[in-house]
Structure formats: C-alpha cells, structure tokens
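# Structural overview
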Amino acid sequence: MGDPVSEDELFQRAQRDKILLETNASRAAMINYMAGVGGGVAVVLFGHPFDTTKTRMQTAPPGYYKNTWDAVKQTVKFEGIRGFYTGMMSPMYGQMFFRAISFMTFYTSLRAISTLSSEDVGDVPSVRSTILAGAVTGLAISAVEAPIDVVKTKLQIQVCMCILMCAHFLAI
C-alpha cells in the first residue's frame, strides 16, 4: 500500500482536476466555435448563388424569368458572376456567427444535460440528451437567424428591383 494521503492533498488534487476539466471544456467549446465559423463560410460560398437565384425568381413579377436557367443567364448577362454573390457579406458574417454559436451551444448544452442526467463525460450521450441539446440550440439560435435572412433577402433583390424599375420607366 502507498502512503496515506492527507485531506489537504486530496483537496489540491481535486482542484487541479477541476481546472484541467474546465480547461478541456473551454478548449472543446472553442474548437466547436471555430468549426462553426468554417461551416458558416462554406455554406455561404457554395450556397449563396443558388439562394440568390431562388430569391430573384420568387420576387420577380410573373413571366420575368422563363425558368431557373433564364434567371441564371440574365444574372450573368447583366451583372456577371459577381451578381450571384450580391449581398453576400451580411449572410457571410451572420452565418459565421450563427454556425459558431450553433456548434458551441450544442456542445455546451449536451455536456450540461449529460452531466445533469448523471451520464459519464466519456460515455456516448443518450438519445434523450442529444435531442434536448438540439432543442436548446434551436431555441438559442432562432433569434439570430431571422434578422440575418431579412437583410440578405433585401440585398439580393435590390439589383433586381432596380432593373425592373428602370425597365418600367424606359417603357413609358
């Protein structure tokens, strides 16, 4: 057997372990945050052209575009490839923040819920804990997403509306 451990030494070990655990949790939260930032950038870079085309087709007067391909051709003709990225910076910053908060909130919520339900930190979280963490995350980020989408949509249709107004005045 080893030497008996004093209460003071046990307390010091517990404090050291607590600090180590908190440091690992902070590091994991930051990793999740950075993963969310990367996810937000990817979503906007690859998805924004599709979203711009969809938004323009939805907001244009009936018959303005024959089909999706016509909307793509007109965007390229009048604005070039850059036209697909009109209004991109608002959703870029927004999605970086949104995804980062989403990833970090999910991780933190899952960890807290698992701890409260007496699951070991190293165990795979239960389905119940995962669903609850997803619900908490959805609640937390819903207030962030709506304003981002409103600004993005207004910027996407700004050029389209300008073209329509010019066409209207030129036709008079």
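What comes next concerns the included structure. Counting from 1, residues in each chain are numbered in the order their sequence is written. Whole-chain, interface and lining totals are the exception, using all residues; otherwise, since this is a predicted model, local features are given only for residues with pLDDT of at least 70 and side-chain atom pairs are given and counted only at 80 or more. Note that water and hydrogens are dropped before the side-chain values are worked out from all heavy atoms of the structure.

Next up on the list: the nonpolar core. Core analysis: the biggest nonpolar cluster contains 5 residues, these being Phe 98, Ile 101, Ile 141, Val 144 and Ile 148. When contributions to this core are tallied by element, the ones reaching two or more residues are helix H3 (89–116) and helix H4 (127–171). Helix and strand labels come from DSSP, where a helix needs a run of H or I of at least four residues and a strand needs a run of E of at least two; each type is numbered from the N terminus. At 3 residues, the largest contribution of residues to this core is made by H4. Whether two residues are in contact is decided by their heavy atoms: any pair within 4.5 Å suffices. Dropping the residues within four chain positions of it, Ile 141 is found in contact with Phe 98, Ile 101 and Ser 102. Take the buried Ala, Val, Leu, Ile, Met, Phe, Trp, Tyr and Cys residues and link them wherever side-chain atoms come within 4.5 Å; each set so joined is a nonpolar core. For every residue, the accessible area obtained with a 1.4 Å probe (protein chains only) is divided by the maximum for its type, and the residue is called buried under 20%, exposed over 50%, and partly exposed between those limits.

Here we take up the pattern of salt bridges. Whenever a carboxyl oxygen of Asp or Glu lies within 4 Å of a side-chain nitrogen of Lys or Arg, that contact is scored as a salt bridge. This structure, assessed with the given rule, holds 2 salt bridges. A salt bridge links Lys 54 to Asp 51; its shortest N-O distance comes to 3.4 Å. One end of the pair, Lys 54, and the other, Asp 51, are both in helix H1 (residues 7–59), 3 residues apart, so they sit about a helical turn from each other. Between Glu 79 and Arg 56 there is a salt bridge, with the nearest N and O atoms lying 2.5 Å from each other. Here Glu 79 is found in helix H2 (residues 68–79), whereas its partner Arg 56 is found in helix H1, with 23 residues between them in sequence. Judged by relative accessible area, Arg 56 falls into the buried class, the value being 2%.

For H2, built from 12 residues, the straight-helix expectation of 16 Å at 1.5 Å per residue is met to within 8% by its first-to-last C-alpha distance of 16 Å. Every buried residue belonging to H2 is among Asp 70, Ala 71, Val 72, Gln 74 and Thr 75, and all of these are buried. Near the N-terminus of H2, the side chain that reaches the backbone nitrogen of Trp 69, with its oxygen 3.1 Å away, is that of Asn 67. Immediately downstream of H2, the backbone of Gly 80 shows phi near 75 degrees, a positive value. Expected span, for any helix, means 1.5 Å times one less than how many residues it has. Contacts described as polar in this section are N or O atom pairs within 3.5 Å, which, within protein, must combine one atom able to donate a hydrogen with one able to accept it, while residues neighboring in sequence count only if both atoms come from side chains.

So, about the side chain of Thr 53. Secondary-structure assignment places Thr 53 in helix H1. The buried category is assigned to Thr 53, whose relative accessible area is 8%. Only 3.0 Å separates the side chain of Thr 53 from the backbone oxygen of Pro 49, close enough to count as a polar contact. Beyond its immediate sequence surroundings of up to four residues, Thr 53 is in contact with Thr 68, Ala 71, Val 72 and Phe 84.

This part covers a nonpolar patch on the surface. Together, Leu 45, Phe 46, Val 76, Ile 81 and Tyr 85 give the surface a local cluster of nonpolar side chains, amounting to about 480 Å² of exposed area. Position of Val 76 among the secondary structure elements: in helix H2. A patch consists of residues whose relative accessible area exceeds 30% and which take part in no salt bridge; residues with like charges are grouped when within 9 Å of each other, and nonpolar side chains (Val, Leu, Ile, Met, Phe, Trp, Tyr) when within 5 Å. Surface exposure here means Shrake-Rupley accessible area, sampled with a 1.4 Å probe, where a residue is shielded only by the protein chains that are shown.

Further remarks concern the packing of aromatic side chains. Each Phe, Tyr or Trp ring, with Trp reduced to its six-membered ring, pairs with another whose centre is within 6.5 Å; inter-plane angles below 30 degrees give stacked pairs, above 60 give edge-to-face pairs, and intermediate values give tilted ones. A complete count under the given rule lists 1 aromatic pair for this structure. Aromatic side chains Tyr 64 and Tyr 65 sit 4.8 Å apart centroid to centroid with 80 degrees between the ring planes, which places their arrangement in the edge-to-face category.

In this section: the side chain of Gln 74. Take Gln 74: it is sitting in helix H2. Residue contacts for Gln 74: discarding those within four places in its chain leaves Tyr 64, Tyr 65 and Glu 79.

Grid points spaced at 1 Å and placed over the protein atoms alone form the basis of the search, with a cavity being a set where a 1.4 Å probe fits but cannot get out and a pocket an open set showing protein on both sides within 12 Å along at least five of seven lines. Lining residues have an atom within 4 Å of a point. Grid points are joined across faces, edges and corners, and a volume is the space filled by probe spheres set on the points. Counted as a void, the largest pocket has a volume near 160 Å³. If you list the elements that add at least two residues to the lining of the largest pocket, you get H1, H3 and H4. Side-chain classes follow a simple rule in which Ala, Val, Leu, Ile, Met, Phe, Trp, Tyr, Cys and Pro form the nonpolar group, Asp, Glu, Lys and Arg form the charged group, and the remainder, Gly included, forms the polar group. Taken together, the residues of the lining of the largest pocket break down into 4 nonpolar, 3 polar and 4 charged.

With respect to the secondary-structure elements, Tyr 93 resides in helix H3. Distance from Tyr 93 to Val 44, taken between C-alpha atoms, is 9.4 Å for residues 49 residues apart in sequence.

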